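Examination of the molecular architecture
Take a look at the letters that make up each chain.
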Amino acid sequence: MHPHLLDVFSRLDRSRAALRAAVESIAVPLRQQRPGPDQWSVAEVLEHLSIVERIFTGRIADAIAAARAGGLAVETSDRSPLPDAIETRMADRVNKRTAVEAARPTGTLDAAAAWEAVESGHRRLRALVEDADGLALGQVTIEHPFFGPMSAYQFVELVAAHEARHTEQIKEIARVLAA
């Protein structure tokens, strides 16, 4: 596997492990409970993550397919990591954000089903990007509606940063529910 892909998958795996630990720190019956009005439960956070990952995976898939059709070459360039400004924005839990309608959870999944949706999305993303292993994914550009153009590698890192953001949210939920 190309070192660039190893790097972004390593980050994705660390993010997923932290997410799992945060979820498992909360008793199963409490994962459905909202910590307050207009706040998401753990199950809803997980559903949101699965929705966003599905959207991102679709965008990455479309971009890779278009790049392949255009004769995408093998990877020879250095990898540009996710920009610090995006990292900072994703880590900021003080300034709350409202998810776009398409990424809002329905609240119809229990925590176990929501976790499976997250895991299923993770498997699809990995398989998609692994299938392009060795190609110049740093040259594959995907437009993010807020952050602008990013490479396929950066988009995978964005998935990890998004998970990390919501891992912190789940830790906040755990503290509220424990009080």
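As shown above, the structure is provided for reference.
So, here is what we can say about the structure in this document. Because the structure is predicted, anything quoted here is derived from the model rather than measured.

**A word on the overall build of the protein**
- Secondary structure assignment for the protein yields five helices and two strands.
- Here the protein has a C-alpha radius of gyration of 17 Å; the compact-globule value for 179 residues is 16 Å, and the two agree.
- Over its C-alpha atoms, taken along the principal directions, the protein stretches across nearly 55 × 30 × 30 Å.
- Within the protein, buried positions represent 47% of all 179 residues.
- In the protein, of all internal contacts separated by at least 6 residues, the share reaching a separation of at least 24 is 83%.

**Considering the pairing of strand β1 (residues 141-144)**
- Going residue by residue along β1, you find I142 and H144 tucked away on one face and T141 and E143 left uncovered on the opposite face.
- Here four bridges tie β1 to strand β2 (residues 148-151), and the two strands are oriented antiparallel to one another. Across the sheet, H144 pairs through a bridge with G148, a residue of β2.
- Hairpin geometry of β1 and β2 is characterised by an intervening segment of three residues between the two adjacent antiparallel strands.

**A few points about the nonpolar core**
- If you look at the biggest cluster of nonpolar residues, it comprises 34 residues, and the most contacted ones within it are I60, V129, L137 and V140.
- For this core, the element with the highest residue contribution is helix α5 (residues 152-178), accounting for eight residues.
- One finds I26, V42, W115 and I173 within the second-largest nonpolar core, a separate group that totals 15 residues.

**Thoughts on the pattern of salt bridges**
- Per the counting criterion, the structure on display carries 17 salt bridges.
- R16 is the salt-bridge partner of E163, the closest N and O atoms lying 2.0 Å from each other. One end of the pair, E163, is in helix α5; the other, R16, is in helix α1 (residues 3-24), with 147 residues separating them in the sequence.
- Judged by relative accessible area, which is 7%, R16 ranks as buried.

**Some details on the packing of aromatic side chains**
- Evaluated as defined, the whole model comprises two aromatic pairs.
- Taken together, a centroid distance of 5.0 Å and an interplanar angle of 80° make the contact between F146 and F147 edge-to-face.
- If you follow R126 out to its NZ or CZ, it ends over the ring of F9, 4.1 Å from the centre.

**Observations concerning the environment of D84**
- Along the polypeptide, D84 turns up in helix α3 (residues 84-91).
- Taking relative accessible area as the criterion, D84 reaches 62% and is therefore assigned exposed.
- Spatially, the C-alpha atoms of D84 and A114 are 30 Å apart, while their sequence positions differ by 30 residues.

Scoring rules and cut-offs
Each chain has its residues counted from 1, following the order in which its sequence is written. Only residues with pLDDT of at least 70 are given local features in this predicted model, and only at 80 or more are side-chain atom pairs given and counted; all residues enter the totals for whole chains, interfaces and linings. Only hydrogens and water are set aside; all other atoms, that is, all heavy atoms of the structure, feed into the side-chain values. Working definition: helices are DSSP H or I runs of at least four residues, strands are E runs of at least two. Numbering for both runs from the N terminus. Our radius of gyration is a C-alpha quantity, and the globule rule it is checked against amounts to 2.2 Å times the number of residues to the power 0.38. With a 1.4 Å probe rolled over the protein chains alone, any residue whose accessible area is under 20% of its type maximum counts as buried; one over 50% counts as exposed, and the rest are partly exposed. What makes two residues a contact is simply this: any of their non-hydrogen atoms within 4.5 Å. In this analysis, strands are considered paired if DSSP registers two or more bridges between them. To define a nonpolar core, start from buried Ala, Val, Leu, Ile, Met, Phe, Trp, Tyr and Cys residues and group those joined through side-chain atoms within 4.5 Å. The salt bridge definition used is simple: a Lys or Arg side-chain nitrogen within 4 Å of an Asp or Glu carboxyl oxygen. Between rings of Phe, Tyr and Trp, where Trp is taken as its six-membered ring, a pair exists when centres lie within 6.5 Å; planes separated by under 30 degrees are stacked, by over 60 edge-to-face, and by other angles tilted. Lysine and arginine charges are scored as sitting over a ring when NZ or CZ, respectively, is within 6 Å of the ring centre and within 35 degrees of the ring normal.

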